[in-house]
Amino acid sequence: MATTAVATPAARTRAPTRKAAAPSNQNRAGWLFATPFLFVYVAFMIGPVLIGLVMSLFNTATVKSGLGEWVGFSNYSDVLTSSDFWKSMWHSTLFTVLTTPILVLLPLLFAVLTSRIRHGRTFFRLAFFAPYVVPSAAVALIFAWMYAPEIGLLSKVFGWFGLTAPNFLGSTSGGWFAVVLLTVWWTFGFNFILYTAALQEIPEEIYEAAEIDGATPWQQIRMVTVPLLGPTISLVFILQLLASLKVFDQIYLLLQGGPNYTTRPVIEYIYDTGFTSYRGGYAAAATMVYFVTLVLISVAWLVWRRRPSAAENG
Amino acid sequence: MTTTLVDDRVATKVPTQRPPRTETTSGAKIFNRLAATCMILFALIWLVPFAWALITSFRPDNEITANPTKPWSNHWTFHAYTSVWNAIPIRWWYLNSLIISTLSVIFTVFFCSMVGFALAHLRFRGKGPIMALVIAGLMLPMEALILPQFTEFRELHLLGTYWALVLPNIAAPLAVFVFASFFRGVPVALIEAARLDGASWWRIYSRICMPLCRPAISAVAILTFVTSWNAFLWPLLVLSQTKTQTIPVGLSSLQGGSAIQFAEVMAASVLGIIPLLAVFLIFQRQIQQGVANTGIK
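Residues numbered from 1 in each chain as written. Chains lettered and ligands numbered in written order. Predicted model: local features only at pLDDT ≥ 70, side-chain atom pairs only at ≥ 80, totals over all residues.

**Brief notes about the overall build of chain A**
Inclusion rule: By the criteria applied, helices consist of DSSP H or I runs no shorter than four residues and strands consist of E runs no shorter than two, each listed in order from the N terminus. Exposure classification rests on a simple neighbour count of other C-beta atoms within 10 Å of a residue's own: a residue reaching 20 or more is buried, one at 12 or fewer is exposed, and one in between is partly exposed. C-beta atoms are placed from the backbone. Contacts here follow a simple rule: the backbone-placed C-beta atoms of the two residues must lie within 7 Å.
When its secondary structure is counted, chain A shows 13 helices and zero strands. Per-residue burial for chain A yields a buried fraction of 40% across its 314 residues. The contacts in chain A between residues at least 6 apart in sequence include a share of 68% that link residues at least 24 apart.

As structure tokens, then:
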């Protein structure tokens, strides 16, 4: 309060002189500060989008430089009628459908439960978050060893419960199971930390009040915690959705998209057509279709989120 | 406001509701015990892959073949580590990863904080469009654009260089966002005062705003380091020679190798995990705050 009272008259008296001098001085400074980033941004974010757009209209070959011949939209019609492309789109979608619910809800449950434990919170955060800093290649090596048929730890664990382990790395359903389990273990911590941070913002008094009103712990979680976490849940959901749709590392490393391309995600399809078959123009068209899909999902979420929150918060 | 309201409630309700309250707390106690037990169990399960890799890496090969899932060894050995260290150029991978991640951090912090400062405290023509570009950038899935990106870097003759890996990392709209929101927290009065004392904008940025926003710097620095260290697909495409590879790309070449020497493969994985895990254990508070800061904004 005191600062504004002091600052306003000072600002007002200086206003006429500053209005004239400031803009040109700030204009120059502003652009000087922004230029390095803008240069990199335009060159390496906008650049690839435009290059992809142009390439998709030519029959570019990835091996040699130069665009090749103009083919108009025929790459797009090829992509959109290709069953392999749609299969890979479906695989990325399937992976998203399998992982998103688990990775949105399980970290929420774990974060809420650990927040009720007074001691050892650091231990939980360490245990759950540590996998997130492990490179995907190391994760894949470790899990490949645990999934090894007959001799792997997880194959044995199935045996302890009297079950036959699926063929983790050699069958489609076993492969999906293997990749989903790996992903849950690996990326769980990121969402867990987002929830934990949001939980710390909820004041202790609310719980005390709820407890005095006779709310059981489960009621407190359902009626107090989860509603207050609404915005965070929505954020984790969209971040997870986009991350899952962009899956590549795990599937490529563990299954190579196999067996027989039945788990190949879109990014690997683009990789295969662009870098193995060298069909640059075609792969660029696939890139643009995939790219636009992802952008549309982000925009849709943003629009959907803006409306109710604008109404609530004024 | 809410706190005082709640406090009133506490004051009025505590005397009348004593007996049921103790009852709920005992119920709550059981619930919390149960939650604690479950969570400890799951946390231990989460540590199993680490433990498993570590145990396997210290067991001799013949023992693993004879009894693959035994969690104990009668002859603990470092053999797998020495043979991996000599067989694969992991020293080079460490060095490459370190150089690439460090350069990415320096440039990202520098470039993104500068534009963040301009967006937070300077009034200049074109600020609106720049802000819009940054927000739009948050929604661009760059992982999808590897093919045109590859074409661009080939035309620039940057393939196989460190720059091919560093430059795309620097264009980080999220980092700009984090810096801008932290800089907005710096009181305008402080900046006005510095201006009156004749400080240049550069001086205000480097001597006032940056020192005040250390949490933002560490958040962006650590997250950039982790993501560039762990990047896989782009380095896989760009770096073709064994000695120029990074840790993740190098490790991936061991996947599905013909020789099934589990101890060696696990030793290599452990070596690949150690540097970042050490960084994580030292900076775990900052890393977690960093994730929280960047995620929630």
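**Digging into the overall build of chain B**
Helix and strand content of chain B: 16 helices and zero strands. Buried residues in chain B amount to 41% of all 297 residues. Put simply, of all contacts in chain B between residues at least 6 apart along the chain, 78% involve residues at least 24 apart.

**Remarks on the confidence of the model for chain B**
Residues and elements named next belong to chain B. Threshold: How sure the predictor is of each residue is captured by pLDDT, a score from 0 to 100.
This prediction gives chain B a mean pLDDT of 82; 88% of its residues lie at or above 70. Mean pLDDT per element in chain B: helix α1 (residues 2-16) is the minimum at 36, and helix α5 (residues 90-121) is the maximum at 93. Predicted confidence for residues 1-23 stays below pLDDT 50, and this span has 15 contacts to residues more than four positions away or in other chains. The complex prediction reports pTM at 0.84, with the ipTM value standing at 0.83.

**Things to note about the domain arrangement of chain B**
Residues and elements named next belong to chain B. Put simply, the rule reads: The start and end points of each domain follow an automatic or database-based domain assignment.
Assigned domains within chain B: domain 1 (14-82) and domain 2 (89-296). The gap between the C-alpha centroids of domain 1 and domain 2 is 33 Å. Contacts between the two partners involve nine residues from domain 1 and, on the opposite side, eight residues from domain 2. Listing elements by their share of the side of domain 1 that touches domain 2, those giving two or more residues are α2 (18-57), α3 (61-66) and α4 (79-87). Element by element, the count of residues in the side of domain 1 that touches domain 2 is highest for α2, at four residues.

**Considerations on the interface of chain A and chain B**
Many descriptions give the size of an interface as the accessible area lost when the pieces come together. The following threshold applies: For this scheme, ten residues count as nonpolar: Ala, Val, Leu, Ile, Met, Phe, Trp, Tyr, Cys and Pro. Four count as charged, namely Asp, Glu, Lys and Arg, and the remainder, Gly too, count as polar.
Listed per partner, the contact involves 88 residues of chain A and 89 residues of chain B. The biggest single contributor to the side of chain A that touches chain B is helix α1 (residues 2-55) of chain A, with 23 residues. Of the residues contributing to the side of chain A that touches chain B, the split by class is 65 nonpolar, 15 polar and eight charged.

**What to know about the packing of α5 of chain B against helix α8 (residues 162-170) of chain B**
Residue and element names in this part refer to chain B. Short version of the rule: Fitted lines through C-alpha atoms give the axes, limited to the stretch in contact for helices. The angle between two N-to-C directions lies from 0 to 180 degrees. Each crossing gets its handedness from the near helix: less than a right angle anticlockwise from the far helix is left-handed, clockwise is right-handed.
One way to put it is that α5 packs onto α8 with a least axis distance of 9 Å and a crossing angle of 35 degrees. The two elements α5 and α8 cross, and the hand of that crossing is right-handed. Facing α5, whose interface residues are I99, I100, L103, S104, F107, T108 and F111, α8 presents Y162, L165, V166, N169 and I170. In terms of residue class, the contact of α5 with α8 is built from nine nonpolar, three polar and no charged.

**Topic: the packing of helix α5 (residues 136-147) of chain A against helix α15 (residues 262-282) of chain B**
Just so we agree on the cut-off: When describing relative orientation, an angle under 35 degrees is termed roughly parallel and one over 145 degrees roughly antiparallel, while 65 to 115 degrees is termed roughly perpendicular and anything else oblique.
Relative to each other, α5 of chain A and α15 of chain B sit at 150 degrees, their axes nearing to 9 Å. As summarised for this structure, α5 of chain A and α15 of chain B are arranged roughly antiparallel, according to the angle between their axes. In this structure, α5 of chain A crosses over α15 of chain B, and the sense of that crossing is left-handed. On the side of α5 of chain A, the interface is formed by A137, A138, L141, I142 and W145 of chain A, while α15 of chain B contributes F262, V265, M266, S269, G272 and I273 of chain B. Along the lines of polarity and charge, the residues of the contact of α5 of chain A with α15 of chain B split into nine nonpolar, two polar and no charged.

**A few points about the environment of V292 of chain A**
All names here are of chain A. Mapping V292 onto the fold places it in helix α13 (residues 280-313). Residue V292 is classed as exposed on the basis of its 11 C-beta neighbours within 10 Å. V292 sits 190 residues away from I102 along the chain, and the two C-alpha atoms are 26 Å apart.

**Considering the environment of G272 of chain B**
By the secondary structure assignment, G272 of chain B is in helix α15. Taking the C-alpha atoms as reference points, G272 of chain B and L34 of chain B, separated by 238 residues in sequence, lie 37 Å from one another. When sequence neighbours within four positions are dropped, the list of residues in contact with G272 of chain B reads P135, A137 and A138 of chain A together with I247 and L251 of chain B.

**Here we look at the environment of A283 of chain A**
Positionally, A283 of chain A belongs in helix α13. By C-beta crowding, A283 of chain A is classed as buried, having 29 other C-beta atoms within 10 Å. Here A283 of chain A is in contact with I270, T273 and G274 of chain A together with L147 of chain B, once residues within four sequence places are set aside.

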